[in-house]
Amino acid sequence: MIAVLQWTTLALCAVVAIARIPSALRGQNRSVFGLFVLATIAILLSIDLPYRVVDSWLGAENYANLILRFVVYSTVLLAGYRIAKAFDAPESIRLVVGPLGLGVLCAVGIATVALFLLADTTGTATGLNSLPSRSPENAALIEGYAAAGRLYPSFVAVCVLPATCRAVSQRLPKAIRLAALLLTVAFATLALGSLYPLIPREAGFVKYVINYTSALCFTVGLTLVWVSSLMANRVRR
C-alpha cells in the first residue's frame, strides 16, 4: 500500500510538472512550475529504490538524504509563499518570507548540515531509519538531524494554515474552496511531523501515510488552483 501511494504521488506530481512546461516557457508562473519540479524531486528521493541509486552515486554516505532535506525546505518555502499569495494572506506571507521565517530557515539549515556532518551516516539507508546504532551519541545526532528536518515544514504549515482554513469558508468558486480544503489537510499533516517521535517504531508506516497524504493533497490542491485560474482567464477573454 505504501509503495502504491508513493509511486502514485510521484507520477501525479511529475505529470503536473510536465503539463506546466509550456506555460513556464511562455514566462507564466514559472515559480509554480519550479514548485512542482522540486516536489517531484523530493518525492523521488523519498522512495527507496531511486534513493539508493542516487546515494550510491554519491558514495553511500546518505548525502542523498541531506540533498532531500534542502529540496523539501525549498519546496515548502515556495509552496507556503505561493499559497499564501494565492489566498491573499499578507500576514502569512510576512511570516514565511519575512525576517522571522528566513531566520528560522537559516537556523534549521545550519543545524541540519552540522548534525549531518557530526553523525556517522555510512551505509545507504532511506530516511536513515535502518542505520545501525553505532553509539547512543550517534543515535542522538541522527534523531536531532531528523527533528531539524521536521521543524521548518511544521513552522511554514502553522504560518499558512490560517489562510487556507479561512478560504474554505469564503464565498469562492467550489474548485478553489476544494483546493483550500486539500491544502489545509496538507499543511495540517505537515504540522503533525513534529509529533513523529511519539509514534511507536512498530507503527512507523503511519509516518509514510502522513507524508504522502500531505504530498498528494498539495499536488491536487495546487493543480485545482492552477486549473481554476486558467478557466477564469479564458472567461475574461
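Right, let's walk through the structure included here.

Each value, and the rule that gives it
Residues numbered from 1 in each chain as written. Predicted model: local features only at pLDDT ≥ 70, side-chain atom pairs only at ≥ 80, totals over all residues. Heavy atoms only, no water. Axes fitted to C-alpha atoms, helices over the stretch in contact; angles between N-to-C directions. Helix = DSSP H or I, 4+ residues; strand = E, 2+ residues; numbered from the N terminus. Contact = heavy atoms within 4.5 Å. Nonpolar A, V, L, I, M, F, W, Y, C, P; charged D, E, K, R; others polar. Phe/Tyr/Trp six-rings, centres within 6.5 Å; stacked < 30°, edge-to-face > 60°. Core = buried A, V, L, I, M, F, W, Y, C linked by side-chain atoms within 4.5 Å. Buried < 20%, exposed > 50% of the residue type's maximum accessible area, 1.4 Å probe, protein only. Patch = residues over 30% accessible without salt bridge, like charges linked within 9 Å, V, L, I, M, F, W, Y side chains within 5 Å. Areas by Shrake-Rupley, 256 points an atom, 1.4 Å probe, with all protein chains shown as cover. Salt bridge = Lys/Arg side-chain N within 4 Å of Asp/Glu carboxyl O. Expected span 1.5 Å × (residues − 1).

## Some thoughts on the packing of helix H6 (residues 90-97) against helix H7 (residues 99-118)
Each pair of packed helices gets described by two things: the angle between the helix axes and the distance between those axes. Between H6 and H7, the least distance of the axes is 4 Å, while the angle of their chain directions is 35°. Residue-level contacts link Leu95, Val96 and Val97 of H6 to Pro99, Leu100, Gly101 and Leu102 of H7. Of the residues assigned to the contact of H6 with H7, the class counts are six nonpolar, one polar and no charged.

## Considerations on the packing of aromatic side chains
Scanning the model with the defined rule gives six aromatic pairs in all. Put simply, the rings of Phe70, Tyr73, Tyr152 and Phe155 pair up and form one aromatic cluster.

## Here we look at the nonpolar core
One finds Ile83, Tyr152, Val156 and Phe187 to be the most contacted residues of the largest nonpolar core, which totals 41 residues. For this core, the secondary-structure elements that each account for two or more residues are helix H1 (2-19), helix H3 (30-45), helix H5 (63-86), H7, helix H8 (136-168), helix H9 (174-191) and helix H10 (205-236). For tyrosine 152, the residues in contact, after removing those within four places along its chain, are Tyr73, Val76, Leu77, Val96, Gly101, Val104, Leu105 and Val108. In terms of nonpolar packing, the next biggest core, distinct from the first, is built from ten residues, Tyr51, Ala64, Leu66 and Tyr145 among them.

## Re a nonpolar patch on the surface
Nonpolar side chains collect at one region of the surface, where Trp7, Leu49, Val53, Trp57, Leu58, Tyr63, Ile67, Val113 and Leu117 lie side by side and expose about 890 Å² of accessible area between them. Sorting elements by how many residues they give to the nonpolar patch places helix H4 (residues 48-57) first, with three residues. Tracing the sequence through the fold places tryptophan 7 in helix H1.

## What about H3?
Here H3 is 16 residues long and its end C-alpha atoms lie 23 Å apart, about the 22 Å a rise of 1.5 Å per residue gives. Within H3 the residues assigned to the buried category are Val32, Leu35, Phe36, Ala39, Thr40, Ala42, Ile43 and Leu45.

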